[in-house]
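Spelled out from the first residue to the last, the chains are:
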Amino acid sequence: MNNSPRAFLAELVTAAAAKLAELKNASVPVIYVGCATCGRAAGAMDTIAGFNEALVANGIEAIIRKVGCLGHCYAEPLVIIQNPGFPPLLYQKIGVGEAGILVRSFLKDGSDPCYEYLLGALEADDNFPTLMDYPRYLFENRVIMEHCGLIDPEDVDHYLAVGGYSALAQGLEEGGVRVLEEIKAANLRGRGGAGFPAGRKWEIARNVKVFEKLVICNGDEGDPGAYMDRTLLESNPHQVLEGLALAALAVGAGRALLYIRTEYPLAVEIVERAIAQARQKNLLGSKILGSDFSLEVSVFQGSGAFVCGEETALIESLAGRRGMPQPRPPYPAVSGFQGKPTIINNVKTLSTVPSIIRNGASWFTAIGTPGSPGTAIFSVVGEVEYPGLVEVPMGVTLEHLVVDVCGGVKNGKTLKAVQIGGPSGGCLPASLLQTKIDFDSLKESGAMMGSGGLVVMNEDTCMVELARYFTDFTQGESCGKCTFCRLGTRHLRDILEDLTKGVGSAEDLQTLQELSEMIVKGSLCSLGKTAPNPVLTTLRFFRGEYEAHFAERRCPARMCRSLIAFYIDLEACARGCDACVACCPTEAIFTTSNRKKAIDQEKCVKCGECVYACPPEYDAVRRISPPSLIPDQGVKPLIEEEKEEK
Ligand SMILES: Cc1cc2nc3c(=O)[nH]c(=O)nc-3n(C[C@H](O)[C@H](O)[C@H](O)COP(=O)(O)O)c2cc1C
Ligand code: SF4
Ligand code: SF4
Ligand code: SF4
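Parameters and conventions
- Residues numbered from 1 in each chain as written.
- Chains lettered and ligands numbered in written order.
- Predicted model: local features only at pLDDT ≥ 70, side-chain atom pairs only at ≥ 80, totals over all residues.
- Heavy atoms only, no water.
- Helix = DSSP H or I, 4+ residues; strand = E, 2+ residues; numbered from the N terminus.
- Buried < 20%, exposed > 50% of the residue type's maximum accessible area, 1.4 Å probe, protein only.
- Contact = heavy atoms within 4.5 Å.
- Patch = residues over 30% accessible without salt bridge, like charges linked within 9 Å, V, L, I, M, F, W, Y side chains within 5 Å.
- Areas by Shrake-Rupley, 256 points an atom, 1.4 Å probe, with all protein chains shown as cover.
- Salt bridge = Lys/Arg side-chain N within 4 Å of Asp/Glu carboxyl O.
- Near = heavy atom within 4 Å.
- Nonpolar A, V, L, I, M, F, W, Y, C, P; charged D, E, K, R; others polar.
- Polar contact = N/O pair within 3.5 Å; in protein donor to acceptor, adjacent residues only side chain to side chain.
- Pairing = 2+ DSSP bridges.
- Axes fitted to C-alpha atoms, helices over the stretch in contact; angles between N-to-C directions.
- 1 Å grid on protein atoms, 1.4 Å probe; cavity = no way out; pocket = protein on both sides within 12 Å on 5 of 7 lines; lining within 4 Å.
- Points joined across faces, edges and corners; volume = space filled by probe spheres on them.

I tried to follow the overall build of the protein on my own but got confused; where do I start?
Looking only at helices and strands, the protein has 26 helices and 18 strands in total. Each of the three principal axes of the protein carries a C-alpha extent, and together these read 105 × 70 × 40 Å. Across the 646 residues in the protein, those meeting the buried criterion constitute 57%. For the protein, the proportion of contacts with a sequence separation of at least 24, taken over those separated by at least 6, is 71%.

Right under this line is the structure:
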């Protein structure tokens, strides 16, 4: 028993735990900075430089560690400070200046923990608000994201110390069949979009009597606005690798690869480092943890076409051919890459596998709904107060996710709709916010789970323009193989574009409906089959908005440029304030005879800059639709008036 995978692992864990305990009990402050792509985009690397400089200037010794993403996009850059004598504290929006203040006030003097930047303590404490009491944590159930943002993704020991690779050791002892049975019993449904049960797919591949098999982690993630997979790869890569290894064990594969789009350079770098470290500790590679099971793992960088996320197109692109979906059957699980049984699973699906093996299928099925057990990760973006990544149990309502967990719509505006399921997901009105988030309920509502993108929209969003935007995206990403997808989506896009310009008729709405249905029927892969979803759902729930565009040449949301105009309310405009003049790119704003401002409609290009420039205390710039509603204010430019007087 001493040479068992668990015994091998125990030795690694003892060393890793000692290393992590040393960091947790350090006698000097430890500063953890969120350095996933989102943190870096918000300036996390400058924050680190700011800390370093301030620490040197104040003669303070401290340890700085880079961690991944906690999911609170609205608060980046995020920093956790573990100052001896205090609980670990999470700070938000820490730039160079704030880093300096924290070093001087908290680390040097120890007197002021800078409550103004504090989000909360990571542990219960009488003196600090606890992060776990905030709605974001209270309502979330972090299974896959449990360690994201809290451990160093570039140090395998961090993952080992929090229980990492124990599921793999267990799987190696109990055998691949046992792993397969547990995943089947858990009814783990694929998180990449279709929700196909992972266990059933693995069983098909396992039963094929071919020696060489392959497992692939699909990290292509092409949906605009979605970044769950990238975050997992960057924040906890070993969890994905452990899931991948368990999948390989279950199907009997000796080779695995991670297909990651080349636009995710940090994810590629972190995963490659993780593979090297895991191999070095014999967690991957030959005879893993002293067992008979070997697995070679590598990374393939996809060139970033949305359609290459589709599994048969992905296989084509791996083979060096153009990424075009292929008819199924044969399914890749039977005959995939180079004709070998190939299992493709999403990053989130594989990330869930270790926790199921560790805790058992019944633990997993107790979360979520009977038909969709477990949790779902959403990237909640758009007009929401607290955008970011959120992991909730399946079965909660959309309203709970948007309002309770993410703080509702920002700036006191009202929620108009949510677009769920990525570019070819559905657009649901506020009246359907009671819809449950699970594979089946969303499908019934006309939307879909997709891979977890959720865009929140307020009353300023035009649904016709939204449908045009997403149709334009999918049309551009169509591989061109099917006529309906290639030309049908283009025709849809053209009609929608005309409507946003006020050109169209009731007949066009009929065409949109019929053509959409034909595209669904006539397309080979789900790109074409789901591309009309934004059109169909907006037509169904926001038909009146479509009609206003062609019948009244009016955009109710006042968004479509051709159908709006700007003017300045002379009552509200402040005499002598020139803020709008300076921002106008076309010099369309002139001073009137009473020294107020007005807009020359001939020159105005409707960029909307003046709306934002006008100070909120005046709020004098009006956006209206249709343009014919501009009131005749009888204004003349001051210069003309002066000329006339002369
Ligand atoms: C156009 C298109 C793009 C897709 N993109 C992805 C993707 O980026 N990541 C992903 O995991 N699945 C994507 N899928 C779904 C995959 O084809 C496949 O179903 C999935 O990777 C299987 O993994 P799962 O069962 O774990 O969800 C896409 C499908 C289509 C039709
Ligand atoms: S539906 Fe579209 S993306 Fe899919 S194979 Fe046909 S043309 Fe290509
Ligand atoms: S909308 Fe743009 S172009 Fe028109 S007046 Fe305002 S700033 Fe100028
Ligand atoms: S910014 Fe607003 S208040 Fe100032 S001049 Fe322009 S319209 Fe008037």
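It is not clear to me how a nonpolar patch on the surface should be interpreted in this structure. Could you clarify?
On the surface, Ile204, Tyr331 and Val334 cluster together into a nonpolar patch covering about 260 Å² of accessible area. Considering the arrangement of structural elements, one finds Tyr331 in the loop between helix 13 (311-318) and strand 9 (342-346). Overall, the relative accessible area of 43% leaves Tyr331 in the partly exposed class.

In this structure, what is going on with the site of ligand 2? I would like to understand it.
Lining the immediate environment of ligand 2, one finds 13 residues, of which Cys479, Lys481, Cys482, Cys485 and Cys525 sit closest. Partitioning the shell around ligand 2 into residue classes produces eight nonpolar, four polar and one charged.

Just checking my understanding: could you explain helix 23 (residues 543-551) for this structure?
Each α-helix winds once per 3.6 residues, and so residues spaced three or four apart point in a common direction. Within helix 23, burial applies to Glu545, Tyr546, Ala548, His549 and Phe550. The inward-facing, buried residues of helix 23 contact strand 12 (415-420), helix 18 (463-477), helix 19 (483-500), helix 20 (506-522) and helix 22 (533-541). The first or second residue beyond helix 23 is Arg553, which carries a positive phi of 50 degrees.

Got a minute to help me understand the site of ligand 3 in this structure?
Near ligand 3 there are 13 residues, and of these Cys584, Cys604, Cys607, Gly608 and Cys610 occur at the shortest range. A breakdown of the residues in the shell around ligand 3 according to their chemical character gives nine nonpolar, two polar and two charged.

Explain the pattern of salt bridges here, please?
All chains considered together, the criterion is met by 34 salt bridges. Linking Arg136 and Glu140 is a salt bridge whose minimum nitrogen-to-oxygen distance equals 3.7 Å. Considered together, Arg136 and Glu140 belong to a single accessibility category, that of buried residues. A network of salt bridges, in which partner residues are shared, links Lys19, Arg65, Asp152, Asp155, Asp157 and Lys281.

I tried to follow the environment of Tyr137 on my own but got confused; where do I start?
Inspection of the secondary structure assignment puts Tyr137 in helix 5 (residues 135-138). Separated by 253 residues in the primary sequence, Tyr137 and Val390 place their C-alpha atoms 9.1 Å from one another.

Help me out: how do you make sense of the side chain of Gln419 in this one?
Summarising the element assignment, Gln419 is placed in strand 12. A residue is classified by how much of its surface remains accessible, and Gln419, at 1% relative accessible area, is buried. Here the side chain of Gln419 touches Gly422 through a polar contact of 2.7 Å, landing on its backbone oxygen. Those residues in contact with Gln419 that sit more than four places away from it in its chain are Gly425, Gly426, Cys427, Gly453, Leu454, Val455, Met457, Leu466, Phe470 and Pro534.

Where do I start with helix 10 (residues 228-235) in this structure?
Taken across its eight residues, helix 10 has eight buried, putting it largely inside the fold. For helix 10, the complete set of buried residues consists of Met228, Asp229, Arg230, Thr231, Leu232, Leu233, Glu234 and Ser235.

Is there a simple way to think about the sheet that holds strand 10 (residues 375-382) in this case?
Adjacent strands of a sheet pair through backbone hydrogen bonds, lying either parallel or antiparallel. Strand order in the open sheet made by the five strands is 11-10-14-12-13, with mixed pairing throughout. Two strands lie at the open edges of the sheet, namely strand 11 (388-393) and strand 13 (426-429), each paired on one side alone. Within this sheet the neighbouring strands show an average axis-to-axis angle of 30 degrees, counted without direction. With four bridges connecting them, strand 12 and strand 13 associate as antiparallel partners. Bridged to Ile420 within strand 13 is Gly426.

In this structure, what is going on with the layout of surface pockets? I would like to understand it.
In this approach the atoms are scanned with a rolling probe the size of a water molecule, which exposes any empty space left behind. In this structure, the second largest pocket encloses a volume near 730 Å³. Lining the second largest pocket are 24 residues, with Lys413, Asn458, Asp460, Tyr612 and Arg623 sitting closest to its centre. Secondary-structure elements contributing two or more residues to the lining of the second largest pocket are strand 14 (453-458), helix 18, helix 25 (609-613) and strand 18 (621-624). In terms of residue class, the lining of the second largest pocket is built from 11 nonpolar, four polar and nine charged.

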